[in-house]
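Given next are the chains, with one letter for each unit.
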Amino acid sequence: MSSSTDGPGPDAPTTRREAGHLVLGGTPIGNAEDASPRLRRLLAEADVVAAEDTRRLHALAGRLGVQVGGRVVSFHEHNEAERADDLLDVVDGGGTVLVVSDAGMPSVSDPGFRVVGRAVERGLPVTTAPGPSAVLTALALSGLPTDRFCFEGFLPRKAGDRSRALAALVDEPRTLVFFEAPHRVAETLAAMAGAFGPDRPAAVARELTKTYEEVLRGPLAELAEHAAEEQLRGEICVVVGGAPPRGPVPLAELVPAVLARVDGGERLKDVVADVAQGAGVPKRDLYAAALDARRG
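Treat the numbers as computed from the prediction; the structure is a model and nothing was measured.

(A) Molecular detail of the nonpolar core. Counting residues in each nonpolar core, the largest one holds 23 residues, and the members touching the most others are L189, M192, V238 and V240. Taken together, the elements giving at least two residues each to this core come down to β7 (175–180), α7 (185–196), β8 (201–206), α8 (220–229) and β10 (236–240). Here this core takes six residues from α7, the largest share from any one element.

Right, here's the structure in full:
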C-alpha cells in the first residue's frame, strides 16, 4: 500500500528542496459556472498547466475570467507517457503542476492515469481539485440504482469485440455506465438490447449541464429505436440497469454436469458440494437427484 503526503516528514533530509504537488483538476463538463473557486485559483497560480487541448483550456479560462499564470503544455493520450517525467521534475523541484482534461476529471477515460502512477513510483505528492464528473452526473439522473455501479468507458468500435465485451457483462448486477459517440449510440443501444435483453432498463444522458441537456429513460429496445429514428447529438452517457438476480438453476439442468465429472473420476460428494454452491441449490437435493439419475 502506498500513500501521498503534503510534504516530507519531520525526519526527512533537509538538503533536498521540498517537493511541490501534482494536482488533477476537475473542469466543467458543460456549464462553466460549475468551475470551483479552487480550480480558478490553480489556473492562475500553477507553475505548469498540462491540458488535453490547450485551445480549449484558454477558452475555458476566458469564460471564467481567469488569466493562466504559468506555462501551458499539451498533455494527451499520445504524449502522456513521454511527458510525465518532465512534469514530475517540476513537482520534484517544488512547483505545482495542474493537469486538466477537456471536461470532467483527468484520468477517467482521459489523460492522467500514467502520470499519477509515475508520481507514485517517484514518491511525489498527488492531490485533486475535485470537480464535475459526467459519470456521476449521468448516474444520478438516470433513475437507476446508484448504491453499486461500475464504469466501463467506451465500448470497442468493432462489432465482434463489442459483442464479446457486452457478453462479459450480461450477469453484472451493478448499474453500468458507458461513454459513447453520438454517431454510434443507436448501434450500441441495439447491441445492448441484444446482449442484455430488450426490457433491461436504461437511460441515455446527453449534453449534461448544457442548454440542451436531455435524459431519455426506458427499456433498451425502446431507446435503441428512438436513437435510430432521432439523430442524437452531443456528449453522451449510457446508463444500464444491472442484471436482475437469477433464481436457482433447476436440478435437472445440473445433474448431467455432475455425472460427467463423476464419470471423469471425481467423488460424487465433492462434485455435488461444488456445483450446489455455485448454483445456489441445496446439496442434499442435488445429491438425491444425481443418485436417482444414476439408478435410472
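The discussion continues.
(B) Geometry of the layout of surface pockets. In this structure, the largest pocket spans a volume of roughly 990 Å³. The wall of the largest pocket is formed by 39 residues, among which R56, D102, A103, D110 and E235 lie closest to the centre. Of all elements in the fold, only α2 (54–64), α5 (134–142), β7 and β10 reach the threshold of two or more residues within the lining of the largest pocket. With four residues, α2 is the single largest residue contributor to the lining of the largest pocket. Two domains each donate at least three residues to the lining of the largest pocket, and these are domain 1 (21–132) and domain 2 (135–240).

(C) Region of the structure containing the sheet that holds β8. One open sheet accounts for five strands, arranged β6-β7-β10-β8-β9; its pairing is mixed. Both edges of this open sheet fall to β6 (149–154) and β9 (214–219), since each of them pairs with a single strand only. When strand polarity is set aside, the average angle formed by the axes of neighbouring strands in this sheet is 15°. Here β7 runs beside β10; their pairing, made up of five bridges, is antiparallel. Bridging across to β10, L176 finds its partner in V240. Helix-sheet contacts for α7 involve β7, β8 and β10, and the interaxial angle to β10 is about 10°.

(D) A look at the UniProt feature "domain: Tetrapyrrole methylase" (unreviewed entry) in the protein. UniProt annotation of "domain: Tetrapyrrole methylase" (unreviewed entry) refers to residues 24–224 when read in the numbering used here. From the first C-alpha to the last, residues 24–224 spans 36 Å; its make-up is 39% helix and 21% strand.

(E) Structural detail: the domain arrangement of the protein. What the domain assignment reports for the protein is domain 1 (21–132), domain 2 (135–240) and domain 3 (251–295). For domain 1 versus domain 2, the distance between C-alpha centres works out to 29 Å. Listed by partner, the interface residues are six residues for domain 1 and eight residues for domain 2. Both faces combined, the contact of domain 1 with domain 2 buries some 490 Å², and carbon together with sulfur accounts for 63% of it. When the buried area of domain 1 at its contact with domain 2 is split by residue, I29, V108 and S109 rank highest and sum to 70% of it. Linking domain 1 with domain 2 are zero salt bridges. Counting the contacts that link domain 1 with domain 2 gives two residue pairs in polar contact (both at pLDDT 80 or more). Taken together, the residues of the side of domain 1 that touches domain 2 break down into two nonpolar, three polar and one charged.

(F) Region of the structure containing the packing of aromatic side chains. One pass over the structure, following the stated rule, counts two aromatic pairs. Note on F151 and F179: the rings are 4.9 Å apart at their centroids and 65° apart in plane angle, and the pair reads as edge-to-face. Of this pair, F151 sits in strand β6 while F179 sits in strand β7, and the two are 28 residues apart along the sequence. On the basis of relative accessible area, F179 is assigned to the buried category, the value being 13%. A centroid spacing of 5.6 Å and a plane angle of 65° characterise the contact between F154 and F179, whose relative ring orientation is edge-to-face. Here the residue F154 occupies a position in strand β6, and F179 occupies one in strand β7, the gap between them amounting to 25 residues. The partly exposed category is assigned to F154, whose relative accessible area is 45%.

(G) Representation of the state of the cysteines within the structure. Enumeration according to the criterion identifies zero disulfides in this entry. Here C150 is not cross-linked by a disulfide; its sulfur's nearest cysteine counterpart is in C237, at 14 Å. C150 gets classed as buried once you look at its relative accessible area, which sits at 9%.

(H) Fine view of the sheet that holds strand β5 (residues 126–129). The sheet built from five strands is open, its strands ordered β3-β2-β4-β1-β5 with parallel pairing. The sheet is open, and its two edges are formed by β3 (71–74) and β5, each paired on a single side. The sheet shows a mean angle of 25° between the axes of neighbouring strands, taken without regard to direction. Bridge analysis of strand β1 (residues 21–25) against strand β4 (residues 96–100) gives five bridges, and the strand direction is parallel.

What counts and how
- Residues numbered from 1 in each chain as written.
- Predicted model: local features only at pLDDT ≥ 70, side-chain atom pairs only at ≥ 80, totals over all residues.
- Heavy atoms only, no water.
- Core = buried A, V, L, I, M, F, W, Y, C linked by side-chain atoms within 4.5 Å.
- Buried < 20%, exposed > 50% of the residue type's maximum accessible area, 1.4 Å probe, protein only.
- Helix = DSSP H or I, 4+ residues; strand = E, 2+ residues; numbered from the N terminus.
- 1 Å grid on protein atoms, 1.4 Å probe; cavity = no way out; pocket = protein on both sides within 12 Å on 5 of 7 lines; lining within 4 Å.
- Points joined across faces, edges and corners; volume = space filled by probe spheres on them.
- Domains from an automatic or database assignment.
- Pairing = 2+ DSSP bridges.
- Axes fitted to C-alpha atoms, helices over the stretch in contact; angles between N-to-C directions.
- Contact = heavy atoms within 4.5 Å.
- UniProt positions renumbered as here; feature names shortened; annotations may be inferred.
- Buried area = accessible area lost by both parts, 1.4 Å probe.
- Salt bridge = Lys/Arg side-chain N within 4 Å of Asp/Glu carboxyl O.
- Polar contact = N/O pair within 3.5 Å; in protein donor to acceptor, adjacent residues only side chain to side chain.
- Nonpolar A, V, L, I, M, F, W, Y, C, P; charged D, E, K, R; others polar.
- Phe/Tyr/Trp six-rings, centres within 6.5 Å; stacked < 30°, edge-to-face > 60°.
- Disulfide = S-S within 2.5 Å.

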